[in-house]
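Coordinate analysis (summary)
Spelled out from the first residue to the last, the chains are:
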Amino acid sequence: MRCYILLVILFTCLGAAAQDTANKWSLRKCVDYAVMNNLTVKQADVQRMFAAVDLHQSQMARYPTLTASVSGGFNFGLSNNPATGTLEADNFFAAQGGLQSNYTIFNWFVRKHSIEADNLGLQAARAGIEKAANDISLSVANTFLQAMLGNET
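Residues numbered from 1 in each chain as written. Predicted model: local features only at pLDDT ≥ 70, side-chain atom pairs only at ≥ 80, totals over all residues. Heavy atoms only, no water.

Digging into the confidence of the model for the protein chain
Put simply, the protein chain has an average pLDDT of 85, and 84% of its residues get 70 or more. The secondary-structure element of the protein chain with the lowest mean pLDDT is helix α1 (residues 2-22), recorded at 46, while helix α3 (residues 39-60) shows the highest, at 97. Taken as a whole, residues 3-10 scores under 50 in pLDDT and shows 0 contacts with residues more than four places along the chain or in a different chain. Predicted confidence is poor over residues 13-20, with pLDDT under 50, and the contacts of this stretch with residues over four places away or in other chains come to 0 contacts. (pLDDT = per-residue confidence, 0-100. Helix = DSSP H or I, 4+ residues; strand = E, 2+ residues; numbered from the N terminus. Contact = heavy atoms within 4.5 Å.)

A closer look at the nonpolar core
Core analysis: the largest hydrophobic core is formed by 8 residues, namely Cys-30, Val-31, Ala-34, Val-41, Ala-132, Ile-136, Val-140 and Phe-144. Residue assignment for this core shows that the elements contributing at least two residues are α2 (27-37) and α4 (110-152). Element by element, the count of residues in this core is highest for α4, at 4 residues. In this structure Cys-30 touches Trp-25, Val-140 and Phe-144, once residues within four positions along its chain are discounted. Ranked by size, the runner-up nonpolar core spans 5 residues in total, among them Leu-55, Ile-115, Leu-122 and Ala-125. (Core = buried A, V, L, I, M, F, W, Y, C linked by side-chain atoms within 4.5 Å. Buried < 20%, exposed > 50% of the residue type's maximum accessible area, 1.4 Å probe, protein only.)

Considering the environment of Gln-47
Looking at where Gln-47 falls in the secondary structure, it is placed in helix α3. Owing to a relative accessible area of 48%, Gln-47 belongs among the partly exposed residues under this scheme. Each C-alpha atom, one on Gln-47 and one on Leu-122, is 8.7 Å from the other, the two residues being 75 residues apart in sequence.

Focus on the pattern of salt bridges
Overall, the coordinates contain 3 salt bridges when judged by the stated rule. A salt bridge links Asp-45 to Arg-48; its shortest N-O distance comes to 3.0 Å. Here Asp-45 and its partner Arg-48 are both found in helix α3, 3 residues apart, which amounts to about one turn of the helix. Its relative accessible area of 28% is what places Asp-45 among the partly exposed residues. The salt bridge partner of Asp-135 is Lys-131, with a shortest N-O separation of 2.7 Å. Taken together, the residues Asp-135 and Lys-131, both in helix α4 and 4 residues apart, mark about one turn of the helix. Owing to a relative accessible area of 37%, Asp-135 belongs among the partly exposed residues under this scheme. (Salt bridge = Lys/Arg side-chain N within 4 Å of Asp/Glu carboxyl O.)

Structure follows, in structure tokens:
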């Protein structure tokens, strides 16, 4: 029993010592944590994802569209015969299908320029992430250094 209590006390002291060293934050650790958990940086990353989707949509607009449709109906009992136009007590099955394609041949380089604009928008969104991360890094470093200066005096 004494051995068990001694082991519990030993591990508790070691755990407390490990927590003491783990609670000391370096400047690098503070900056990394702030950049990873900052909402402005996360919002800038979401804007980058939206810009990537816009670019993908612009690139896919160069290809033609194809639409297919199928429909059917079944009439039973007293119904209108579509061939003769008279009422008959019979069963009718009607089926219909369709296929449609669409492509703009020339649109005064709108697609080309929209792809270029969306590509620049994606680059701007990436730069926005870097700017937000740099702003947060500078703010955290300034605060960290002020705290260190306050501890010295």
